[in-house]
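Close look at the chain arrangement
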Amino acid sequence: MKTLCTRHARRAGLAALLLLLPLLLQSLGHHWVRVADTSLLYVMLALGLNVVVGYAGLLDLGYVAFYALGAYLAALLTSPHLTEHFAWIAELFPDGLHTPWWVTIPLAAALAAILGMLLGAPTLKLRGDYLAVVTLGFGEIVRLLVINMGHPVNITHGAQGLGLIAPVRILGVDLGQPMVVAGYEIASVTLYYYLFLALVLVTVVVCQRLQDSRIGRAWMAIRDDETAARSMGINTRNLKLLAFGVGASFGGVTGAMFAAFQGFVSPEAFSLNESVLIVAMVVFGGMGHIPGVILGAVLLTALPEVLRYLVGPLQTMTNGQLDAGVMRPLLIALAMIATMLWRSSGLWPAPDRPTQGAAPATGPDR
């Protein structure tokens, strides 16, 4: 009983901290609330990739392509770009495209899931490094396609990106504008924080349900030994496609939220470095473990901003001879190397689960 009460008390304390965090950070400036918003977006991306890498054991270095798909889809459906460049769309929608969020989010998830399964179909027989190379190429192809779709038919506006993206509106509340409650002003970035926090909670619940389901256990069997899983009657082909589709859907939703939050998207936001960073979050926190993945995403998102205040004094001490652009990545790399040497399975790896029904050890080795 005491253990149960302690667990509920911890959850209540964590919930209170998460709810009050943006209000506390807002007093220090909107920059730190924006960092918290970005951290939540990366948490959703890392949890989606964890389905593919952590559960199914498929190394996907092109995950950023689904992120880009969701962002550009939301940008096209909520910005005036299509009505300005296509007369037939302007005739159908004379007041402009103002697609609500409850349409863009499911649409982004569905299209990203379809694209994820299309990516997974030709890679079913690939494993390890070969799969990583193919998915890496897929991510770069999507980025280059976005750049080249600005000419001769201007669909994505090329390398210049798309702007004037409409913010999210929920029950008449425009999240792009500050809201005053009882004389206290809640900034736009704080409103987006609560939206992203709700989406993260939904993502965590879905991932937890998947992990504990028969599908999740089948994914982990494929991850541990695909040949043994196939010999036990598991349909590895369909389950791999499902892993690609489910993971990609989370990326599509996150991309749609990123576009609404930023109000602008461009191909530079979806480079190979982003894919590598998301994979690093999963590995750094602990593959296959939801709390570990969340921890890795938050640390690798917030750590560069924290180190900004550490590099500043070092530059002052060396009369500006240290370059912040070099020192910050160097310090982050050193921290990651030290952590991997200290905890090779990640900061918070998944606990080992005892095998159910196993006979107790007997004899002198007991």
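**Considering the overall build of the protein chain**
Counting secondary structure elements, the protein chain contains 14 helices and four strands. Overall, the C-alpha framework of the protein chain stretches about 80 × 50 × 50 Å when taken along its three principal axes. Among the 366 residues that make up the protein chain, the fraction classed as buried is 43%. Intrachain contacts of the protein chain at a sequence separation of at least 6 include 73% that bridge at least 24 residues. Of the roughly 19600 Å² of accessible surface on the protein chain, 67% is carried by carbon and sulfur atoms. Each charge class in the protein chain can be summarised by its mean position, and for the 21 positive and 19 negative side chains these summaries are 14 Å apart.

**Some words on the environment of glutamine 177**
Here glutamine 177 lies in the loop between strand 2 (173-174) and strand 3 (179-181). When residues no more than four places from it in sequence are discounted, the contact partners of glutamine 177 are Ser188 and Leu191.

**Looking at a nonpolar patch on the surface**
A grouping of Leu107, Leu111, Ile114, Met117 and Leu118 is seen on the molecular surface, where their side chains present a nonpolar patch of about 420 Å² in accessible area. You can see leucine 111 is positioned in helix 6 (residues 101-120).

**Structural notes on the environment of glycine 251**
Relative to the helices and strands, glycine 251 resides in helix 11 (residues 236-262). Glycine 251 sits in the buried class, given a relative accessible area of 0%. Spatially, the C-alpha atoms of glycine 251 and phenylalanine 66 are 5.3 Å apart, while their sequence positions differ by 185 residues.

**Looking at the pattern of salt bridges**
Inspection of the entire model under this criterion finds six salt bridges. The shortest N-O distance in the salt bridge between arginine 143 and glutamate 140 comes to 3.1 Å. Placement of both arginine 143 and glutamate 140 in helix 7 (residues 128-148) is noted, with a separation of three residues, approximately one turn of the helix. Given a relative accessible area of 23%, arginine 143 falls into the partly exposed group. Between glutamate 226 and lysine 240 there is a salt bridge whose closest N-O contact spans 2.9 Å. Pair noted here: glutamate 226 is in helix 10 (residues 226-231) and lysine 240 is in helix 11, with a separation of 14 residues, a long-range link.

**Here's the deal with the nonpolar core**
Among the nonpolar cores identified, the biggest contains 93 residues, and Tyr192, Leu195, Phe196, Trp219, Met257, Val265 and Phe270 are the most heavily contacted of them. Considering every element that reaches this core, the biggest residue donor is helix 2 (residues 30-55), with 15 residues. Apart from residues no more than four positions distant in its own chain, methionine 257 is found in contact with Leu41, Ile105, Val168, Leu195, Phe196 and Leu199.

**So, the packing of aromatic side chains**
Using the criterion set out here, one finds eleven aromatic pairs in the structure. Considering the side-chain rings of tyrosine 192 and phenylalanine 196, the 5.7 Å spacing of their centres and the 40° angle between planes classify their relative orientation as tilted. Residue tyrosine 192 and its partner phenylalanine 196 are located together in helix 8 (residues 188-212), separated by four residues, close to a single helical turn. Residues tyrosine 192 and phenylalanine 196 agree in their burial class; the two are buried. Aromatic pair phenylalanine 258 and phenylalanine 270: ring centres 6.1 Å apart, planes at 80°, arrangement edge-to-face. Here phenylalanine 270 lies in the loop between helix 11 and helix 12 (272-285) and phenylalanine 258 lies in helix 11, a separation of twelve residues in the sequence. By relative accessible area, phenylalanine 270 is classed as buried at 3%. An aromatic cluster is defined as three or more aromatic residues linked by ring pairs; in this entry it consists of Tyr67, Tyr72, Phe258 and Phe270. The ring of tryptophan 342 has arginine 343 sitting right over it, with the charged end atom 5.6 Å from the ring centre.

**Some details on helix 11**
One turn of the α-helix equals 3.6 residues, which is why residues spaced by three or four share an orientation. When the terminal C-alpha atoms of helix 11 are compared, their 39 Å separation across 27 residues agrees well with the 39 Å that a helix rising 1.5 Å per residue should span. One or two residues past the end of helix 11 sits glycine 263, with phi positive at roughly 80°.

**So, unusual backbone geometry**
Residue proline 152 is reached from histidine 151 by a cis peptide bond, and omega for that bond is 0°. Relative to the helices and strands, proline 152 is located in the loop between helix 7 and strand 1 (169-170). Notably, leucine 171 is not glycine yet its phi reads approximately 55°, a positive angle. The phi torsion at alanine 182 lies on the positive side, around 55°, for a residue other than glycine. As for its position among the elements, alanine 182 is in the loop between strand 3 and strand 4 (184-186). Among the residues examined, alanine 182 registers a relative accessible area of 87% and is labelled exposed.

Thresholds applied
- Sequence order as written defines residue numbering, which begins from 1 separately in each chain.
- In view of the model being predicted, local features appear only for residues whose pLDDT reaches at least 70, and side-chain atom pairs are presented and counted only at 80 or more, with totals across whole chains, interfaces and linings using the full set of residues.
- Excluding hydrogens and water, the side-chain figures rest on all heavy atoms present in the structure.
- Only runs of H or I of at least four residues qualify as helices and only runs of E of at least two qualify as strands under DSSP, and these elements are numbered from the N terminus.
- Think of it in three bands: with a 1.4 Å probe and only protein chains considered, a residue is buried below 20% of the maximum accessible area for its type, exposed above 50%, and partly exposed in between.
- Residue contacts are counted whenever heavy atoms from the two residues lie within 4.5 Å of one another.
- Using a 1.4 Å probe, the Shrake-Rupley method yields the accessible areas, and only the shown protein chains count as cover for residues.
- Asp and Glu count as negative and Lys and Arg as positive, but His and the ends of the chain are not part of the count.
- Charge coordinates come from a single atom per side chain, which is NZ of Lys, CZ of Arg, CG of Asp or CD of Glu.
- For patch building, the residue pool is restricted to those with more than 30% relative accessible area and no salt bridge; the joining distance is 9 Å between like charges and 5 Å between nonpolar side chains (Val, Leu, Ile, Met, Phe, Trp, Tyr).
- Salt bridges are defined by distance alone: a side-chain nitrogen of Lys or Arg within 4 Å of a carboxyl oxygen of Asp or Glu.
- Only buried residues count toward a nonpolar core, which is a set of Ala, Val, Leu, Ile, Met, Phe, Trp, Tyr and Cys residues joined through side-chain atoms within 4.5 Å.
- A pair of aromatic rings is counted whenever rings of Phe, Tyr or Trp (Trp by its six-membered ring) have centres within 6.5 Å, and the orientation is called stacked for planes under 30 degrees apart, edge-to-face for over 60 and tilted otherwise.
- Counted as over-ring charges are cases with an Arg CZ or a Lys NZ within 6 Å of the ring centre that also lie within 35 degrees of the ring normal.
- Here a helix's expected span is defined as the number of its residues, less one, multiplied by 1.5 Å.

Don't take any of this as a statement about function, it's just geometry.
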